[in-house]
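Now for the letters of each chain:
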Amino acid sequence: MSTIQTAAPALDLTYVRSQFPSLSQTVNGHPAAFLDGPGGTQVPQRVIDAISNYLSHDNANTGGAYSTSRHTDAMIARARGAMADFLHCGADEVVFGPNMTTLTFAMSRAIGRELKPGDEILVTRLDHDANVSPWLAMAEDRGVTVRWAEIHDEDCTLNLADLTAKINKNTKLVAVGYASNAVGTINPVKEIVQLAHKAGALAYIDAVHYGPHGLIDVTALDCDFLACSTYKFFGPHMGVLYGKREHLKRIRPYKVRPNTNAIPNCWEWGTLNHESIAGIEACVEYIADLGRRSTECGDSRLGCPPSEARPQPSRRAAIEAAYAAIHAHERGLLVRMMNGLKKIPRMTIYGITDPARFDDRCPTFAVRIEGHTPLELATKLGDRGFFTWDGNYYALNLTEHLDVEKSGGFLRIGLVHYNTADEVDRLLAALREIVVET
Ligand SMILES: Cc1ncc(COP(=O)(O)O)c(C=O)c1O
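About the thresholds
- Residues numbered from 1 in each chain as written.
- Predicted model: local features only at pLDDT ≥ 70, side-chain atom pairs only at ≥ 80, totals over all residues.
- Heavy atoms only, no water.
- Salt bridge = Lys/Arg side-chain N within 4 Å of Asp/Glu carboxyl O.
- Buried < 20%, exposed > 50% of the residue type's maximum accessible area, 1.4 Å probe, protein only.
- Helix = DSSP H or I, 4+ residues; strand = E, 2+ residues; numbered from the N terminus.
- Polar contact = N/O pair within 3.5 Å; in protein donor to acceptor, adjacent residues only side chain to side chain.
- Contact = heavy atoms within 4.5 Å.
- Near = heavy atom within 4 Å.
- Areas by Shrake-Rupley, 256 points an atom, 1.4 Å probe, with all protein chains shown as cover.
- Phe/Tyr/Trp six-rings, centres within 6.5 Å; stacked < 30°, edge-to-face > 60°.
- Lys NZ or Arg CZ within 6 Å of the ring centre and 35° of its normal.
- Disulfide = S-S within 2.5 Å.
- Expected span 1.5 Å × (residues − 1).
- Pairing = 2+ DSSP bridges.
- Axes fitted to C-alpha atoms, helices over the stretch in contact; angles between N-to-C directions.

Enquirer: So, the pattern of salt bridges: which residues are in play, and what are the values?
Expert: The full count for this structure, using the stated rule, is 27 salt bridges. A salt bridge links D162 to K166; its shortest N-O distance comes to 2.9 Å. Exposure class is identical for D162 and K166. Each is buried. One salt bridge in this structure joins D422 and R426, with 3.2 Å as the shortest N-O distance. Linking D422 with R426, this pair stays in helix α14 (residues 421–437), spanning four residues, or about one helical turn. Among the residues examined, R426 registers a relative accessible area of 23% and is labelled partly exposed. Linked by salt bridges that have partners in common, R46, D85, E285, D289, R292 and R315 make up one network.

Enquirer: How would you sum up the side chain of T104? Please name residues and give values.
Expert: As for its placement among the helices and strands, T104 is situated in helix α4 (residues 100–112). By relative accessible area, which is 0% here, T104 ends up buried. A distance of 2.8 Å separates a polar atom in the side chain of T104 from the backbone oxygen of M100. Those residues in contact with T104, other than ones at most four positions away along the chain, are A130, N131, P134, W135, Y204 and A227.

Enquirer: Residue-level account of the site of the ligand, with values.
Expert: The immediate surroundings of the ligand are formed by N99, M100, T101, H128, A130, N181, D206, V208, H209, S229, Y231 and K232. One of the side-chain nitrogen or oxygen atoms of T101 is found 2.5 Å away from an oxygen atom of the ligand. Y231 is positioned with one of its side-chain polar atoms (N or O) 2.5 Å from an oxygen atom of the ligand. Burial of the ligand by the surrounding chains reaches 89%, relative to a free accessible area of 390 Å².

Enquirer: So what about the packing of aromatic side chains? Which residues, and what values?
Expert: Any aromatic ring pair is given by two values, namely how distant the centres are and how the planes are angled relative to each other. Counted by the stated rule, this structure contains twelve aromatic pairs. Judged by centre distance (4.9 Å) and plane angle (80°), the rings of F34 and F387 are edge-to-face. Separated by 353 residues along the polypeptide, F34 in strand β3 (residues 33–34) and F387 in strand β15 (residues 386–387) bring together distant segments of the chain. The class for F387 is partly exposed, based on a relative accessible area of 23%. A ring pair is formed by F234 and Y286, whose centres lie 6.3 Å apart and whose planes are at 70°; its orientation type is edge-to-face. Linking F234 in the loop between β11 (225–229) and β12 (239–243) with Y286 in helix α10 (residues 274–296), this pair joins segments that are 52 residues apart in sequence. Exposure remark for F234: the relative accessible area of 0% places this residue in the buried category. Residue classification places Y286 among the buried residues on the basis of a relative accessible area of 0%. Taken together, the ring pairs connect F20, F234, Y286 and Y418 into an aromatic cluster. One cation-aromatic arrangement involves R412 over Y393; the distance from NZ or CZ to the ring centre is 4.0 Å.

Enquirer: How would you explain the state of the cysteines if you had to name every residue and give the values?
Expert: Within the structure shown, the criterion is met by zero disulfides. Note on C228: no disulfide assigned, nearest cysteine sulfur contributed by C89 at a separation of 9.4 Å. Considering cysteine sulfurs only, C228 is the nearest to C283, which forms no disulfide, with 9.4 Å between them. The exposure class of C283 is buried, given its relative accessible area of 0%.

Enquirer: Explain α4 to me, using residue names and the numbers behind them.
Expert: Taking 1.5 Å of rise per residue, the 13 residues of α4 would be expected to cover 18 Å, and the 18 Å separating its terminal C-alpha atoms lies within 8% of that figure. All of the buried residues in α4 are M100, L103, T104, A106, M107, S108, A110, I111 and G112.

Enquirer: For unusual backbone geometry, give the residues involved together with the corresponding values.
Expert: Residues I263 and P264 are joined by a peptide bond in cis, for which omega reads 0°. Among the secondary structure elements, P264 is positioned in the loop between α9 (245–250) and α10. One non-glycine residue, C156, lies in the positive phi region at around 55°. Position of C156 relative to the elements: it lies in the loop between β7 (151–152) and β8 (157–158). Take C156: its relative accessible area is 0%, and that puts it in the buried class. Positive phi, close to 60°, is recorded for D403, a residue that is not glycine. On the secondary structure map, D403 appears in the loop between α13 (396–401) and β17 (410–414). Judged by its relative accessible area of 53%, D403 is exposed.

Enquirer: Before we move on, can you summarise the sheet that holds strand β10 (residues 202–206) with the specific residues and values?
Expert: The sheet built from seven strands is open, its strands ordered β4-β12-β11-β10-β9-β5-β6 with mixed pairing. Taken across any chain shown, the strands that pair with only one partner, and hence form the sheet edges, are β4 (94–97) and β6 (145–149). Within this sheet the neighbouring strands show an average axis-to-axis angle of 20°, counted without direction. Contacts between helix α3 (residues 67–87) and the sheet are confined to β4, β11 and β12, with β4 contributing the most and set at about 115° to the helix. The strands touched by α4 within the sheet are β4, β9 (171–177), β10, β11 and β12, with β11 carrying the most contacts at an inclination of about 160°.

Enquirer: Before we move on, can you summarise the pairing of β11 with the specific residues and values?
Expert: Regular strands place their side chains on alternate faces of the sheet. Among the five residues of β11, five are classified as buried, and the element is accordingly described as predominantly covered. Because side chains alternate across β11, one face comprises the buried residues F225, A227 and S229, and the other comprises L226 and C228, equally buried. With three bridges connecting them, β10 and β11 associate as parallel partners. Across the sheet, D206 pairs through a bridge with A227, a residue of β11. For β11 and β12, the ladder comprises five bridges, and the chain directions are antiparallel. The residue of β12 that forms the bridge with L226 is Y242.

Laid out in structure tokens, this is it:
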């Protein structure tokens, strides 16, 4: 096992894009540009193959005394191991579920069993509602007080002073997003985890939006829980919850009696979506391969053929290298898109726009153009082959707070590592054309 040097590797986009069959589609004669990653990313062929192969050969329930059931048990164990490498935790700390929202509702109910009136929890104005509503519902049932961390309206960043002031000795849980799925802000979650722990509170991180953009390391973060969704980082429609071993063991899940009491299975109820889980290992391997390829090439170019002679890095090290390459490519796209958006007339860009602070944001853009509703813009762009979103994307507290909810929310343009500079330029040209047309 060896580690990988992550000095500014570059991404071979030809290789990357060749992995994703859906990217070659056209719409009305225009090449499709998938700028809808924040709503769900495309999947590489190997994920499609893994799902299809599972259904073709191993489709069975778990725990049976026959081959396909045993293969299913082994496949789930491999997927758990892959997610453990992805998140940097133990495989027994990885819980599978239908999606992040369902997992968070389930965990919030269980955590609520330990809380009482007078206890407090903290949620933020910036978060997706999946990391807000489950906590509000639990608080209502348990008589727990909810506090809200506010934002700096001018750049849509968390107001850390406000957040700090609202954590006290009664705080039992801080729920915060790693990155905003609306405006792209990356929150200082490590610092927030430390603030929570200083007060004796748990930290529950929503990493759904961060997952495709940045390396997640739950060990380094020292968070108590972290939820993500594989369909946001090139995998199948599934949710994954990391829970610290001690918490998964101590907190009492709501579950059926025949279900085992061993973690993590005691947190997984009924039959899981096995075919999707089959796609998870393939999705993590896709990401790891980006990293492996970068080290196999002396010049750090991804896409070189594998070399038998070179030592293979650990999967975790390969994932780290992959995210270094992803980050470098996404940064180029972020700068290009921001420069172009700033030149479009009557445009308002929400979130961080200062290039000096780009480390604190993802290439996810929430914009409005005076005289056009976000839906109208998304529709016109959609007709030209650009897949963008309009509305609130469930970041409801943010759109209400910024008073854009009643007028259609934002137009969201989301870039991930398979997007290209050419797509950015074409999107900017299309936006300019739409603005000038009217
Ligand atoms: C930041 C964020 N959190 C949570 C969710 C909900 O995830 P899921 O669809 O897996 O429940 C989303 C989905 O868009 C999201 O973007």
